[in-house]
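Letter by letter, the chains look like this.
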Amino acid sequence: MEVCFMTQNVEMPRVDVDKVERWIEAVARAHDKSVGALTYVFCDDEYILATNKQFLQHDYYTDIITFDYSNSHRISGDMVISLDTVRSNAEQLGVDYQGELLRVIIHGVLHLCGINDKGPGEREIMEQNENEALAMLTENVFEQ
């Protein structure tokens, strides 16, 4: 397993990388997957908008874009996460920013595990899997 955390135009969230990696591995294992190379790029809204336009031809902001390089049993991919959108979504939903960030971090992993959220009924399935993955996180991953 190789998980890389990078930033573009933002400061790195204060997370304990080892704890996050263990959590990702546990979630993947729960879906009968192993973890290969994962890259997280934490960025601002402008960076994710440019990425969305360049690679997906979408002209809108989003919280995460997942590029999937997985094979049938090993997840691998790049995930671009806008901390600006995560923060604004947390405010709109009336939830904690750190909790929303964790939800988005694992959302990308769940996509790599084969769970979608665009078709009829898929959003509810994704949310259920997100909640189950968040329940697996039994320790605080944020550094004080």
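Residues numbered from 1 in each chain as written. Predicted model: local features only at pLDDT ≥ 70, side-chain atom pairs only at ≥ 80, totals over all residues. Heavy atoms only, no water.

Caption draft 1: Looking closely at the packing of aromatic side chains. As enumerated under the stated definition, the model contains four aromatic pairs in all. Between the aromatic rings of Phe5 and Tyr40, the centroid separation amounts to 5.4 Å while the plane-to-plane angle is 10°, which identifies the pairing as stacked. Residue Phe5 is found in strand 1 (residues 2-8), and its partner Tyr40 is found in strand 2 (residues 34-43); the two are separated by 35 residues along the sequence. Judged by centre distance (5.4 Å) and plane angle (75°), the rings of Phe55 and Phe67 are edge-to-face. With Phe55 in helix 2 (residues 45-56) and Phe67 in strand 3 (residues 64-68), this pair connects stretches of sequence that are 12 residues apart. Through successive ring pairs, a cluster of aromatic residues spans Phe5, Tyr40 and Phe42. Lying across the ring of Tyr97, Arg87 places its NZ or CZ 3.9 Å from the centre. (Phe/Tyr/Trp six-rings, centres within 6.5 Å; stacked < 30°, edge-to-face > 60°. Helix = DSSP H or I, 4+ residues; strand = E, 2+ residues; numbered from the N terminus. Lys NZ or Arg CZ within 6 Å of the ring centre and 35° of its normal.)

Caption draft 2: Focus on the packing of helix 1 (residues 17-30) against helix 5 (residues 122-136). One way to put it is that helix 1 packs onto helix 5 with a least axis distance of 10 Å and a crossing angle of 130°. The angle between helix 1 and helix 5 falls in the class oblique. Crossing hand, helix 1 versus helix 5: right-handed. Of the residues in helix 5, those touching helix 1 at Trp23, Ala26, Val27 and Ala30 are Ala133, Leu134 and Met136. Its residues placed into classes, the contact of helix 1 with helix 5 shows seven nonpolar, no polar and no charged. (Axes fitted to C-alpha atoms, helices over the stretch in contact; angles between N-to-C directions. Parallel < 35°, antiparallel > 145°, perpendicular 65-115°, else oblique. Left-handed = near helix turned anticlockwise from the far one by under 90°. Contact = heavy atoms within 4.5 Å. Nonpolar A, V, L, I, M, F, W, Y, C, P; charged D, E, K, R; others polar.)

Caption draft 3: Looking closely at the state of the cysteines. One pass over the structure, following the stated rule, counts zero disulfides. Between Cys4, a cysteine without a disulfide, and Cys43, which holds the nearest cysteine sulfur, the sulfur-to-sulfur distance is 14 Å. The thiol of Cys113 is unpaired, and the distance to the nearest cysteine sulfur, on Cys4, comes to 19 Å. (Disulfide = S-S within 2.5 Å.)

Caption draft 4: Looking closely at the nonpolar core. Tyr40, Phe42, Ile81 and Leu101 are the most contacted members of the largest nonpolar core, which totals 35 residues. Looking at this core, the elements with two or more residues in it are strand 1, helix 1, strand 2, strand 4 (74-82), helix 3 (83-93), helix 4 (97-112) and helix 5. Top contributing element to this core by residue count: helix 4, with nine residues. (Core = buried A, V, L, I, M, F, W, Y, C linked by side-chain atoms within 4.5 Å. Buried < 20%, exposed > 50% of the residue type's maximum accessible area, 1.4 Å probe, protein only.)

Caption draft 5: Structural view of the pairing of strand 2. Burial of strand 2 is extensive: eight of the 10 residues sit out of reach of the surface. Two strands pair when backbone bridges link them, and strand 1 and strand 2 are joined in this way by seven bridges, in the parallel orientation. Looking at strand 2, one finds that Gln8 is bridged to Cys43. As a crossover connection, the stretch from strand 1 through helix 1 into strand 2 is left-handed. Relative to strand 4, strand 2 runs parallel, the two being bridged by eight bridges. (Pairing = 2+ DSSP bridges. Right-handed = clockwise from strand over helix to strand, strands pointing away.)

Caption draft 6: Molecular detail of helix 5. Helix length check: helix 5, at 15 residues, gives a terminal C-alpha distance of 21 Å against a target of 21 Å (1.5 Å per residue), a fit within 8%. Every buried residue of helix 5 is accounted for by Met126, Asn129, Glu130 and Ala133. Angularly, the buried residues of helix 5 cover 105° about the axis, an arc narrow enough to put them on a single face. Residues of helix 5 that are exposed and point over 90 degrees away from its buried face: Glu124 and Ala135. (Expected span 1.5 Å × (residues − 1). Arc of directions from axis to C-beta.)

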